[in-house]
Amino acid sequence: MSVFYTLQIPFPSGTFPSPRNSVVKRLGNLQTLHSSKESGQHTENHRSQDPVILVERYGSGTIKRYMLDDDDGGGGDLQIRALLEKYDSTSNEFKISHLSDPKLSWLPHTLKEFILPAGFPGSVSDDYLQYMLLQFPTNVTGWICHTLVTSSLLKAVGVGSFSGTAAAASAAAIRWVSKDGIGAVGRLFIGGRFGNLFDDDPKQWRMYADFIGSAGSIFDLTTQVYPAYFLPLASLGNLAKAVARGLKDPSFRVIQYHFAISGNLGEVAAKEEVWEVTAQLFGLSLGILILDTPGLVKSYPVLVSTWASMRLFHLWLRYLSLSALQFNTINLKRARILVQSHVLHSRVPGCIDCNRDENILSWQRFIKPRIIFGVPMEEMLGGGRSISMLKSLLRIYAREKYILVVNQQQKDFEVFVSFKVGATSVSVLRSVWQAYWLHENLNISEDIFDQLAKSLSEMDERFNEFIQQLDEAGWDVHQINLRVPKEISIDECLV
């Protein structure tokens, strides 16, 4: 296990790099790099001192060093030797680089990522941690009270009354609360594992929440057919609905924040509560009237068909309501629409048109052209170990915060993107622009490095115009919700 040390890598300070003069400037001395053959062989004493070309850092704390490896004794092109290392959890360097908050130095890194926002403590206000530490025992005591009260409620409606003791009511309460506990696990998983997704696409996750909630209701409906399996069926239903709530609540908070353009988030939330409660009262009243319809309660198929019809109508209305939202922030779906329009027509659509064209239900992996972020360098190199290819990529992307390559092993167009340390949302946006330009202009008969360099030169000439058009069209260019993958990042060490 190797001790971690920090590499100080200089990066350009400008947010939007200035245009290059030509493709030749991008390529630099690539011809020399490809044709030159380095001679000489490292001795075993110097093997540990091989020059490091690139360092790949993983979110788990593991690093991979790409080093020169002249196994051919100078007779051929230098190759890359990859050395995988793990951080020493007992070293001071590890604690300093990954646990910037001394109050949480004892907390494992994986658990810290699960319970705290990405970028903590810099991404939240100073009072966040103290509030959450006090809020946790507050919620624990609240749920203890809920458990005790549930027993009294069940006894009041007749559970356990025939036995003459409270034992049956207590047992029923334990089963009922266990059902709620299983559902709570779903919310815990969603909040811890997917908490960083809701800012990117709240419309999509709010819609998916209704789909999952509908699946949970199906489990509840089947309890009437299989009453002996009430607890497992009700628990599965509660789990699905809890997952749906875990998706719904944070997504809707983002939507509320979108509404509160005057900083009046509290008032917007309060008025939304008025709308929701009013709808709840109307819905409960109509539901009671439907249940009082003769023959409906006794006919299970009629009950199920009525529920299915109403649920489909509900999902359609939800889709229409989410489609009516007009965000002026840029997420990945809207970035694709904006970039494609600019690459093809040198103009960008406004907020209304772009939000109308946005597909709420689509997954990123199914959108063409396919762009895969956070790809390991070994995969980007196609499994090869040529130092000339790696140096060519590093030279071409020397002034960018990312490296993009075209996957030439796929029949359909596909690009891999890996981000450097210090990459921002603007870096992601630039990589999307380059990917769409390559998708429209790639010529498989030409040298791929020449075309990568040409695409970057085109982007340098047009990207500032793209940002200016976004600003003029009403887009918030200061809030670009394009997440930089934290699973893998790279440091350059040019030699």
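Since the model is a prediction, treat every value here as computed from it, not as a measurement.

Enquirer: Can you walk me through the overall build of the chain in this structure?
Expert: Within the chain, the regular secondary structure consists of 16 helices and seven strands. Residue burial in the chain is summarised as follows: out of 495 residues, 40% are buried. Across the chain, the fraction of contacts at a sequence separation of at least 24, relative to all contacts at a separation of at least 6, is 70%. Approximately 27,800 Å² of the chain is accessible, and the part contributed by carbon and sulfur atoms is 60%.

Enquirer: Help me understand the packing of helix α7 (residues 202-222) against helix α8 (residues 230-259) in this model?
Expert: A pair of packed helices is characterised by two quantities: the angle between their axes and the separation of those axes. It is at 7 Å that the axes of α7 and α8 come closest, and there the two elements cross at 160°. Classified by the angle their axes make, α7 and α8 are roughly antiparallel. Two packed elements cross with a definite hand, and for α7 against α8 that hand is left-handed. Each residue belonging to the contact of α7 with α8 can be placed in one class, and the counts come to 15 nonpolar, five polar and four charged.

Enquirer: Even after reading the chapter, I still don't get the packing of aromatic side chains, so can you show me in this structure?
Expert: Pairs of aromatic rings are described using the distance from one ring centre to the other and the angle between the two planes. Evaluation of the coordinates by the stated rule reveals nine aromatic pairs. Plain terms: the ring middles of Tyr208 and Phe211 are 6.5 Å apart, the flat faces sit at 40° to each other, and that makes the pair tilted. In this pair, Tyr208 and Phe211 are both assigned in helix α7, three residues apart and thus about one turn of the helix distant. Tyr208 gets classed as buried once you look at its relative accessible area, which sits at 11%. The exposure class of Phe211 is partly exposed, given its relative accessible area of 36%. Site record: aromatic cluster; members linked through ring pairs are Trp205, Tyr208, Phe211 and Trp363. Lying over the aromatic face of Phe463, Arg430 brings its terminal NZ or CZ to 4.8 Å of the ring centre.

Enquirer: What exactly am I supposed to notice about the environment of Val304 here?
Expert: Along the chain, the position of Val304 falls in helix α10 (residues 300-323). On the accessibility criterion, Val304 (27% relative accessible area) is partly exposed. As for Val304 and Ile218, which are separated by 86 residues in sequence, their C-alpha atoms are 9.1 Å apart.

Enquirer: Can you help me understand the nonpolar core in this one?
Expert: Side chains of a nonpolar character, in soluble globular proteins, are inclined to be buried together. Counting residues in hydrophobic clusters, the biggest one holds 59 residues, and the most contacted among them are Met377, Tyr397, Leu404, Leu429, Phe466 and Leu470. If we ignore the near neighbours within four places in the chain, the residues touching Phe466 are Leu338, Val339, His342, Val348, Leu429 and Trp433. Grouped together as the second largest cluster of nonpolar side chains are seven residues, Met207, Ile255, Leu315 and Leu325 included.

Enquirer: Please explain the packing of α7 against α10 as it appears in this structure.
Expert: Interaxial distance between α7 and α10 falls to 10 Å at its minimum, and their mutual angle equals 175°. As far as their axial angle goes, α10 and α7 are roughly antiparallel. Along its contact with α7, which presents Lys203, Arg206, Met207, Asp210, Phe211, Gly213, Ser214, Ser217, Ile218, Leu221 and Thr222, the element α10 presents Tyr300, Trp307, Arg311, His314, Leu315, Arg318, Tyr319 and Leu322.

Enquirer: In this structure, what is going on with the sheet that holds strand β6 (residues 414-419)? I would like to understand it.
Expert: Two pairing modes exist for strands in a sheet, parallel and antiparallel, and in both the strands are linked by backbone hydrogen bonds. Spatial ordering of the open sheet is given by β4-β6-β5, a layout of three strands whose pairing is mixed. A strand with exactly one partner marks an edge of an open sheet, and here the two such strands are β4 (370-373) and β5 (402-406). Within this sheet the neighbouring strands show an average axis-to-axis angle of 20°, counted without direction. Two strands pair when backbone bridges link them, and β5 and β6 are joined in this way by five bridges, in the antiparallel orientation. Within β6, the residue paired with Val405 across the bridge is Phe416.

Enquirer: Sorry, what's going on with the side chain of Asp201 here?
Expert: Relative to the helices and strands, Asp201 is located in the loop between α6 (167-193) and α7. Not counting chain neighbours up to four residues away, the residues in contact with Asp201 comprise Asn331, Lys333 and Glu358.

Enquirer: Help me understand the pattern of salt bridges, please; the structure alone is not making it clear to me.
Expert: Side chains that differ in charge, positive against negative, can pair when their charged atoms come close. Counted by the stated rule, this structure contains 13 salt bridges. A salt bridge links Asp210 to Arg206; its shortest N-O distance comes to 3.2 Å. On the criterion of helical spacing, the pair formed by Asp210 and Arg206 is a turn pair, its members being four residues apart in helix α7. Judged by relative accessible area, which is 6%, Asp210 ranks as buried. As a salt-bridge pair, Arg356 and Asp353 come within 3.0 Å of each other at their nearest N and O atoms. Taken together, the residues Arg356 and Asp353, both in helix α12 (residues 351-357) and three residues apart, mark about one turn of the helix. The partly exposed category is assigned to Asp353, whose relative accessible area is 33%. Shared partners join several salt bridges into a network, and the residues in it are Lys203, Arg334 and Glu358.

What counts and what doesn't
- Residues numbered from 1 in each chain as written.
- Predicted model: local features only at pLDDT ≥ 70, side-chain atom pairs only at ≥ 80, totals over all residues.
- Heavy atoms only, no water.
- Helix = DSSP H or I, 4+ residues; strand = E, 2+ residues; numbered from the N terminus.
- Buried < 20%, exposed > 50% of the residue type's maximum accessible area, 1.4 Å probe, protein only.
- Contact = heavy atoms within 4.5 Å.
- Areas by Shrake-Rupley, 256 points an atom, 1.4 Å probe, with all protein chains shown as cover.
- Axes fitted to C-alpha atoms, helices over the stretch in contact; angles between N-to-C directions.
- Parallel < 35°, antiparallel > 145°, perpendicular 65-115°, else oblique.
- Left-handed = near helix turned anticlockwise from the far one by under 90°.
- Nonpolar A, V, L, I, M, F, W, Y, C, P; charged D, E, K, R; others polar.
- Phe/Tyr/Trp six-rings, centres within 6.5 Å; stacked < 30°, edge-to-face > 60°.
- Lys NZ or Arg CZ within 6 Å of the ring centre and 35° of its normal.
- Core = buried A, V, L, I, M, F, W, Y, C linked by side-chain atoms within 4.5 Å.
- Pairing = 2+ DSSP bridges.
- Salt bridge = Lys/Arg side-chain N within 4 Å of Asp/Glu carboxyl O.

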